[in-house]
Amino acid sequence: MNSNQTTGLNWDASLPILRDTQLRERNSLGFAATAELSCVIRGAEQIPLLMSTVLSACIPWRVLGGGSNVVLPAHLPGITLLMEIGGQAIISTDQTATQIRVGAGVNWHAFVTWSLMHGLPGLENLALIPGTTGAAPIQNIGAYGVEVSDLIQSITAFDCTAQAFVEMTPDACQFAYRDSIFKRQPQRYIISAVTFSLPKNWVPQLQYADLTNFFSSQKNLPSPTAIFDAVCTIRQNKLPDPKVIGNVGSFFKNPSVSQIQLTQLLNAFPKMITYPQSNGSHKLAAGWLIDQCGFKGVQRGAVGVYEKQALVLVNLGKGAATELLALASEIQAAVQDRFGVLLEIEPVRM
Ligand SMILES: Cc1cc2nc3c(=O)[nH]c(=O)nc-3n(C[C@H](O)[C@H](O)[C@H](O)COP(=O)(O)OP(=O)(O)OC[C@H]3O[C@@H](n4cnc5c(N)ncnc54)[C@H](O)[C@@H]3O)c2cc1C
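The model shown is predicted, which means the values in this text are computed figures rather than measured ones.

## Some thoughts on the pairing of strand S2 (residues 34-41)
Piece 1. The buried count for S2 comes to seven of eight residues, which makes it a mostly enclosed element.
Piece 2. Here five bridges tie strand S1 (residues 17-22) to S2, and the two strands are oriented antiparallel to one another. Across the sheet, isoleucine 17 pairs through a bridge with cysteine 39, a residue of S2.
Piece 3. Of the strand pairs in this sheet, S2 and strand S5 (residues 75-83) are connected by seven bridges, and their pairing is parallel. Across the sheet, residue serine 38 finds its bridge partner in S5, namely threonine 80.

## What to know about the site of the ligand
Piece 1. As a matter of local geometry, the ligand sits amid 34 residues, with Val63, Gly65, Ser68, Thr132 and Arg235 nearest to it.
Piece 2. One of the backbone N or O atoms of asparagine 69 is found 2.7 Å from an oxygen atom in the ligand.
Piece 3. About the coverage of the ligand: the protein hides 93% of its 980 Å² of free accessible area.
Piece 4. For the shell around the ligand, the secondary structure elements donating two or more residues are strand S3 (61-64), strand S8 (142-143) and strand S12 (189-199).
Piece 5. Counting residues per element, the shell around the ligand draws most heavily on S12, at three residues.
Piece 6. Taken together, the residues that form the shell around the ligand break down as 20 nonpolar, twelve polar and two charged.

## Structural notes on the confidence of the model for the protein chain
Piece 1. For the protein chain, per-residue confidence averages 95 on the pLDDT scale, and residues scoring 70 or more make up 98% of the total.
Piece 2. Throughout residues 1-6 the model reports pLDDT below 50, and contacts reaching past four residues in sequence, or to other chains, amount to 16 contacts.

## Examining the side chain of serine 28
Piece 1. Take serine 28: it is sitting in the loop between S1 and S2.
Piece 2. Side-chain polar atoms of serine 28 contact the backbone oxygen of asparagine 247, separated by 2.7 Å.
Piece 3. Once you skip the residues sitting within four places of it in the chain, serine 28 turns out to touch Gly67, Ser68, Pro242, Gly246, Asn247 and Val248.

## Description of the pattern of salt bridges
Piece 1. Under the counting rule described, the total for this entry stands at nine salt bridges.
Piece 2. For the salt bridge of lysine 296 with aspartate 291, the shortest nitrogen-to-oxygen distance reads 3.3 Å.
Piece 3. Given the relative accessible area of 36%, lysine 296 is considered partly exposed.
Piece 4. Residue classification places aspartate 291 among the partly exposed positions, given a relative accessible area of 29%.

## What to know about the nonpolar core
As a rule of thumb, soluble globular proteins bury nonpolar side chains together.
Piece 1. Judged by nonpolar contacts, the single largest core of 62 residues is most densely connected at Leu50, Met51, Ile79 and Trp108.
Piece 2. Shared between two domains, this core takes at least three residues from each, and those domains are domain 1 (17-83) and domain 2 (88-238).
Piece 3. With residues up to four places along the chain from it excluded, the contact list for leucine 50 reads Trp11, Leu15, Ile17, Cys39, Ile41, Ile79 and Leu81.
Piece 4. Of all hydrophobic cores here, the second largest spans 34 residues; its members include Leu29, Ala310, Leu313 and Ile345.

## Structural notes on the pairing of strand S6 (residues 88-93)
Piece 1. The sheet contact formed by S6 and strand S7 (residues 97-103) spans five bridges and is antiparallel. Bridging across to S7, threonine 93 finds its partner in threonine 98.
Piece 2. Where S6 folds back onto S7 in an antiparallel hairpin, the turn is made up of three residues.

## Section: unusual backbone geometry
Piece 1. The backbone phi angle of leucine 128 is positive, close to 65 degrees, even though this residue is not glycine.
Piece 2. One can find leucine 128 in the loop between helix H2 (108-117) and S8.
Piece 3. Among the residues examined, leucine 128 registers a relative accessible area of 26% and is labelled partly exposed.
Piece 4. In the Ramachandran plot, arginine 178 falls in the positive-phi region, its phi being about 50 degrees despite a non-glycine side chain.

## Observations concerning the sheet that holds S1
Piece 1. If you walk across this open sheet you meet the four strands as S1-S2-S5-S3, and the pairing is mixed. In this open sheet, the two edge strands, each paired with only one partner strand, are S1 and S3. Here the average twist between neighbouring strands, direction ignored, is 40 degrees.

## Structural notes on the domain arrangement of the protein chain
Piece 1. By domain assignment, the protein chain separates into domain 1 (17-83), domain 2 (88-238) and domain 3 (246-349).
Piece 2. On a C-alpha basis, the centres of domain 1 and domain 3 stand 29 Å from each other.
Piece 3. With ten residues of domain 1 in contact, the opposing surface of domain 3 contributes 15 residues.
Piece 4. Carbon and sulfur atoms make up 60% of the area that domain 1 and domain 3 hide from each other, which totals about 980 Å².

## What about the packing of H2 against helix H6 (residues 224-238)?
Piece 1. Here H2 crosses H6 at 155 degrees, and the two axes come no closer than 10 Å. The orientation of H2 with respect to H6, classified from their angle, is roughly antiparallel. Of the two possible hands of crossing, H2 and H6 adopt the one that is left-handed. Residues His109, Val112, Thr113 and Leu116 of H2 pack against Pro224, Phe228 and Cys232 of H6.
Piece 2. Looking at side-chain class alone, the contact of H2 with H6 contains five nonpolar, two polar and no charged residues.

Rules of the game
- Residues numbered from 1 in each chain as written.
- Predicted model: local features only at pLDDT ≥ 70, side-chain atom pairs only at ≥ 80, totals over all residues.
- Heavy atoms only, no water.
- Buried < 20%, exposed > 50% of the residue type's maximum accessible area, 1.4 Å probe, protein only.
- Helix = DSSP H or I, 4+ residues; strand = E, 2+ residues; numbered from the N terminus.
- Pairing = 2+ DSSP bridges.
- Near = heavy atom within 4 Å.
- Polar contact = N/O pair within 3.5 Å; in protein donor to acceptor, adjacent residues only side chain to side chain.
- Areas by Shrake-Rupley, 256 points an atom, 1.4 Å probe, with all protein chains shown as cover.
- Nonpolar A, V, L, I, M, F, W, Y, C, P; charged D, E, K, R; others polar.
- pLDDT = per-residue confidence, 0-100.
- Contact = heavy atoms within 4.5 Å.
- Salt bridge = Lys/Arg side-chain N within 4 Å of Asp/Glu carboxyl O.
- Core = buried A, V, L, I, M, F, W, Y, C linked by side-chain atoms within 4.5 Å.
- Domains from an automatic or database assignment.
- Axes fitted to C-alpha atoms, helices over the stretch in contact; angles between N-to-C directions.
- Buried area = accessible area lost by both parts, 1.4 Å probe.
- Parallel < 35°, antiparallel > 145°, perpendicular 65-115°, else oblique.
- Left-handed = near helix turned anticlockwise from the far one by under 90°.

What follows is the structure, given as structure tokens:
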């Protein structure tokens, strides 16, 4: 039902506002969730029209892309913007790099595939990450030794404070490990497009152990397409397909500890998996910590921990956010108790 007349708010007549939108198909955990109001955003020009009403009426709002990094409650009050701005185009090229502008609603994996088909390597390590291109900068998606911020030139976003579109440099985005200004200030920016700069002197990124092993018997350097294929194969063997088992990929971030903490932890747990960071700190493998606490494969009602990877929490059928977050708290408490380390939840709780 179109609710332009029924919400009591003075929406611009061109906006396709809907009431009671079901979001089960729009979140990779597969939770049943209803958006009180929703609006599919197909063009950037819709955003200021919509937000002028939202901000003046002070109603709750949020953006939903592919729903692959959110834990949705049963009811989402106010309005949910369903991001579907399409389009990708090469906007400039010179001897050093090619710039591509991509609409926020473009499927990320489809864009990675498109870039390789156009002879533009650089994103192959990030193949098969679910979701939209506009959400990729939010938590600075990363996989197999590459972070998306390495290849972003600028971001076009509607700034809800200034009520105007802004063009943001990577510095302004404050990118960090699974973090950015967008994640820290969730009610401020709505990303409408991302511009990438893909360098022409392509260098394969094979330092990640899974990829090193995959190509260990090969004498020549693999092509970008071979790396893309390898990443897809490795991911399909490791992670559950959300269409089959609801999940959001890694549920916790890998925690960071100081050199002193690391020494103490390694004395007590010599087999602990750790990764040195360039700033002198160390990351711990969150999946290993959870596994050591005996959670791999456990079930709590209709949710559980994936049997092959303890970092992935799953919806086994009719699970809900409350159940999943209770399991997450149980895991956090157990890891804190055993290792003295706090696990931070990665997906956004809406
Ligand atoms: C099987 C699986 C594997 C995964 N593997 C990885 C991985 O390897 N690396 C990794 O980093 N992540 C991974 N993820 C997490 C997820 O795919 C990424 O975080 C992805 O970028 C989320 O995109 P989305 O469109 O689904 O965002 P959503 O889940 O819809 O939204 C995530 C957050 O971004 C905000 N948002 C979305 N679009 C916009 C926009 N246009 N403007 C402003 N805010 C916006 C939302 O409000 C929300 O806060 C995985 C998830 C799954 C299910």
